[in-house]
Amino acid sequence: MRVLVTGGAGFIGTNFVRQTVRERPDAQVTVLDLLTYAGDARNLEGLDRVRLVRGDVADAAVVDGLVADADLVVHFAAESHNDNSLTDPSPFVRTNVVGTFTLLEAVRRHGVRYHHVSTDEVYGDLELDDPARFAESTPYNPSSPYSSTKAGSDLLVRAWVRSFGVAATISNCSNNYGPYQHVEKFIPRQVTNLVDGVRPKVYGAGANVRDWIHVEDHNAAVWAIIERGQIGETYLIGADGEKSNLEVVRALLGIFGRDGDDFDHVTDRAGHDLRYAIDSTRLRTELGWAPRFTSFDDGLAATVDWYRANEDWWRPAKAATEERYRAAGHA
Ligand code: NAD
Ligand code: TDX
């Protein structure tokens, strides 16, 4: 099977490619990645059956040639960080909206199966005590330039399925953690601060809740949807991992043997979503998926070990990332 993976040099895409090569001897992988600040060619070095093409998902000529040679397209490429979307939304519109449009036109022309990787943030946020969680039927209500461009891209996919009969599925997943995540994101930022002896930085009061899932569980669900999902359908992916930001920071401080109050509160994010929570019943009952990483504490400890063992991987991006946070008032 010839698989085109967009964004395969980023966090989730890298883990997807590595997992695919490990578990699927029949897969030939082509990665299309622009290698922005968030992509790293080193992540794919030495992998068998993987070819990396540096290019833009919004470049119709490049995309057309690669899609023509694929049996399956899995679309991870995106501008993915909410804070960056508040500083400069423009690449979010181009990559997330125009990039998805460009891929959809190519899969339509060539009749190629397409899986669209999206986020639970398209549903907006929940109150802390809301008994309901996000489900496939929840109306879209995105808050940030990031989540609104992801929502727009999902709606394009739905329209291309209905109007043109494109063979697509969509997944909306909650917050991922694990190896190869950029140091701008919450968990790697705090882990690498702690390695450097710097206090973790918590936005506002820290009461915001995220529904954490290990990246390998996310990617196993993506494969389940590709293989057993119904064309035209959406599946929510989540592992019942709700934690407040304070709980996560305290767990990290514990791993590093530091006092539980040894962190700083910093300026909150504008429009900060309060809580995400996923009901993944459909994925579990219809497709038989279940998470393997059922202990967040164990998954977090393994992730910390990975960052400790791979300082040469994250170190080059750390200072510039913290400089951006200082400029935005989050340091
Ligand atoms: P990431 O920022 O780590 O990686 C994005 C990758 O896309 C990078 O390799 C980057 O170089 C590449 N890219 C950016 N613009 C491109 C362009 N124009 N053309 C080609 N490549 C381009 O992101 P991630 O966290 O791995 O997220 C991957 C996908 O999963 C995104 O679609 C995101 O919305 C979605 N998602 C992420 C999470 C999460 O917790 N990280 C949760 C749910 C869904
Ligand atoms: O230094 C920080 N301190 C802090 O308190 C940072 C970087 C973040 N936070 C908070 C903001 C959020 O409540 O931590 C939480 C998680 O923040 P991010 O890692 O920026 O993730 P989030 O905004 O929740 O979005 C993530 O999950 C959904 C991914 O970045 C998205 O790509 C995905 O769609």
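First things first, this report covers the structure right here in the doc. (Residues numbered from 1 in each chain as written. Chains lettered and ligands numbered in written order. Predicted model: local features only at pLDDT ≥ 70, side-chain atom pairs only at ≥ 80, totals over all residues. Heavy atoms only, no water.)

## Thoughts on the site of ligand 2
- As a matter of local geometry, ligand 2 sits amid 22 residues, with Thr119, Tyr146, Arg210, Arg269 and His272 nearest to it.
- Asn245 places a side-chain nitrogen or oxygen 2.9 Å from an oxygen atom of ligand 2.
- A distance of 2.7 Å is found between an oxygen atom of ligand 2 and a side-chain nitrogen or oxygen belonging to His272.
- Look at ligand 2: alone it shows 660 Å² of surface, and the protein chains cover 94% of it.
- Elements supplying a minimum of two residues to the shell around ligand 2: helix 6 (186-195) and strand 8 (201-203).
- Considered class by class, the residues forming the shell around ligand 2 number 6 nonpolar, 9 polar and 7 charged. (Near = heavy atom within 4 Å. Polar contact = N/O pair within 3.5 Å; in protein donor to acceptor, adjacent residues only side chain to side chain. Areas by Shrake-Rupley, 256 points an atom, 1.4 Å probe, with all protein chains shown as cover. Helix = DSSP H or I, 4+ residues; strand = E, 2+ residues; numbered from the N terminus. Nonpolar A, V, L, I, M, F, W, Y, C, P; charged D, E, K, R; others polar.)

## With respect to the sheet that holds strand 2 (residues 28-33)
- Spatially, 3-2-1-4-5-6-11 is the arrangement adopted by the 7 strands of the open sheet, whose pairing is parallel. Edge positions in the sheet fall to strand 3 (50-54) and strand 11 (234-237), since each of these pairs with one other strand and no more. Recorded for the sheet is a direction-independent mean angle of 20 degrees between the axes of neighbouring strands.
- Where strand 4 (residues 72-75) lies against strand 5 (residues 113-119), 4 bridges are found, and the strand directions are parallel. Bridge assignment links Val73 to a residue of strand 5, and that residue is Tyr114.
- Together, strand 1 (2-6), strand 2, strand 3 and strand 4 form the strand contacts of helix 1 (residues 11-23), whose direction differs from that of strand 2 by roughly 170 degrees. (Pairing = 2+ DSSP bridges. Axes fitted to C-alpha atoms, helices over the stretch in contact; angles between N-to-C directions. Contact = heavy atoms within 4.5 Å.)

## Some thoughts on the site of ligand 1
- Around ligand 1 sit 28 residues, and of these Ile12, Asp33, Ser80, Tyr146 and Lys150 come closest.
- In this structure, Asp56 approaches ligand 1 through a side-chain N or O atom, which is 2.9 Å from a nitrogen atom.
- Contacts to ligand 1 include Tyr146, whose side-chain N or O atom sits 2.6 Å from an oxygen atom.
- Relative to its free-state accessible area of 840 Å², ligand 1 is covered by the protein chains to the extent of 97%.
- Secondary structure elements with two or more residues in the shell around ligand 1: helix 1, strand 5 and helix 5 (145-164).
- Of the residues forming the shell around ligand 1, the biggest block, 3 residues, is contributed by strand 5.

## So, the pairing of strand 1
- Counted residue by residue, strand 1 has 4 buried out of 5 residues, so it is predominantly covered.
- Bridge analysis of strand 1 against strand 2 gives 5 bridges, and the strand direction is parallel. Following the sheet pairing, Val5 is matched in strand 2 by Val31.
- Where the polypeptide runs from strand 1 across helix 1 and back to strand 2, its parallel neighbour, the crossover connection is right-handed.
- With 4 bridges connecting them, strand 1 and strand 4 associate as parallel partners. Residue pairing for strand 4: Val5 is matched across the bridge by Val74. (Buried < 20%, exposed > 50% of the residue type's maximum accessible area, 1.4 Å probe, protein only. Right-handed = clockwise from strand over helix to strand, strands pointing away.)

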